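Now for the letters of each chain:
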Amino acid sequence: MDNLIFSLNATLPVFLMMVLGIVLKKIGWVSESFASQMNKFVFLVPLPLLLFQDLATVDFEKAWNFKFVAFCFIVTVLSITLVIVISSFLKERSLRGEFIQASYRSSAALLGVALIQNIYGHSVMGPLMIIGSVPLYNVMAVTVLSIYQPHRNEMDKGLLKTTLKGIITNPIIIGIVVGLLWSILKLPMPFILSKTVSNISAMASPLGLIAMGASFDIKKAFGKLKPAILATFIKLFGFCMIFLPIAIAFGFVGEQLVAILIMLGSATTVTCFVMAKNMGHAGILSSNVVMLTTLLSGFSITLWLYILRTLQFI
């Protein structure tokens, strides 16, 4: 019951922020153009700073565990490869980029550390899981969203150049690279800089969620329910069913296993919607998957925790 209450406390406020965006648009306080500007702002400033902050504050020497980080990285590669294959069966090619991203990309940074701390009182594996998965999440998100942009039906000559440029200049990627370098070089984080970055990055999730809700079109959403339901099942159950037994076979237990669970089965991050919208996609499928996984993840994560606890792996 405690795990259920915690999971609901972690996920329902996020879902309610999206509902707030819908309500604000409905009563005319937030226009579609304003929501679009909010999306762009979140993509350019708060989100990159949030990822920079998450990685720049990790102590590599104390926390490093190569086996665990390598496992997270390899499983992330396999997960992305799997959903790329599944996406090839979608009739609408323009949906594939959003489907791939929404199916594999977890809210690892936001939920992972909080859940691990709630169970164990500290979080060492959380940041390591982020290092092993989040940079790859973002690099692949930029790649698939570029390749599967709407109205692009075939691989043209300039696609590779455009995709590489999009990766290099993407604010999310820049935030990750600078954060990793900052941590590796052990650069100091002055209080003024730390407080400023913290204040700005704190806006990422609430503004992104409200903007997503305000951009949500329920009439259009019903047309994308089937791929959204499939992506939701993959995100909350499919990957866990495949990779948790493998993690256990490799000897991961306790805090490590909980971190892997969050990487595999937590709700799709709101970043998916923000990036999809800012890279020329409709964002409808992304918002559907974010809302469905956010609503249901409190129950699915609780179920997985109960199973792992019953089997005495955590």
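To keep things clear, this report deals only with the structure shown in the data block. This is a predicted model, so every value here is computed, not measured.

Moving on, we get to the overall build of the protein chain. Within the protein chain, the regular secondary structure consists of 17 helices and zero strands. The buried share among the 314 residues of the protein chain stands at 52%. Here the analysis covers contacts within the protein chain between residues at least 6 apart in sequence; of these, 86% occur between residues at least 24 apart. Carbon and sulfur atoms form 70% of the exposed surface of the protein chain, whose accessible area is close to 14,800 Å².

A few words on the packing of aromatic side chains. A complete count under the given rule lists seven aromatic pairs for this structure. Arranged with centres 5.4 Å apart and planes meeting at 90°, the rings of Phe-52 and Trp-182 form a pair that is edge-to-face. Of this pair, Phe-52 sits in helix α3 (residues 46-56) while Trp-182 sits in helix α10 (residues 171-184); the two residues are 130 residues apart in sequence, bridging distant segments of the chain. Pair check on accessibility: Phe-52 and Trp-182 agree, each one buried. With a centroid separation of 5.8 Å and 75° between ring planes, the pair formed by Phe-68 and Phe-252 is classed as edge-to-face. Remark: Phe-252 occurs in the loop between α14 (225-249) and α15 (254-265) and Phe-68 occurs in helix α5 (residues 66-87); sequence separation between them is 184 residues. A relative accessible area of 0% places Phe-68 in the buried class. Classification of Phe-252 by relative accessible area gives buried; the value is 2%. Members of the aromatic cluster, each reached through a chain of ring pairs, are Phe-68, Phe-71, Phe-250 and Phe-252. Here Lys-67 stacks its cationic end above the ring of Phe-252, 5.3 Å away from the centre of that ring.

Summarising the element assignment, Ala-267 is placed in the loop between α15 and α16 (271-278). Residues Ala-267 and Ala-102, 165 residues apart in the sequence, show an inter-C-alpha distance of 9.3 Å. Not counting chain neighbours up to four residues away, the residues in contact with Ala-267 comprise Arg-105, Ser-106, Ser-107, Leu-236, Thr-293, Thr-294 and Ser-297.

So, about the environment of Leu-95. Secondary-structure assignment places Leu-95 in the loop between α5 and α6 (96-104). When its relative accessible area of 8% is taken as the criterion, Leu-95 is described as buried. Separated by 50 residues in sequence, Leu-95 and Leu-145 place their C-alpha atoms 9.6 Å apart.

Calculation criteria
- Numbering of residues starts from 1 in each chain and follows the order in which that chain's sequence is written.
- It should be noted that, the model being predicted, local features are given only for residues of pLDDT at least 70 and side-chain atom pairs only at 80 or more, the latter also being counted only at that level, while totals for whole chains, interfaces and linings use all residues.
- Values reported for side chains reflect all heavy atoms of the structure, with hydrogen atoms and water molecules removed beforehand.
- Segments assigned H or I by DSSP are reported as helices when at least four residues long, segments assigned E as strands when at least two residues long, and all are numbered from the N terminus.
- Three labels apply to residues, based on accessible area from a 1.4 Å probe with only protein chains included: buried if under 20% of the type maximum, exposed if over 50%, partly exposed otherwise in between.
- In this description, contact between two residues means that some pair of their heavy atoms is separated by no more than 4.5 Å.
- All accessibility values rest on the Shrake-Rupley procedure with a 1.4 Å probe; residue burial counts only the protein chains present in the view.
- Whether two aromatic rings pair depends on their centres lying within 6.5 Å, for rings of Phe, Tyr and Trp, where Trp uses its six-membered ring; planes under 30 degrees apart make the pair stacked, over 60 edge-to-face, and the rest tilted.
- Look at NZ for Lys and CZ for Arg. If either is within 6 Å of the ring centre and within 35 degrees of the ring normal, a charge sits over the ring.

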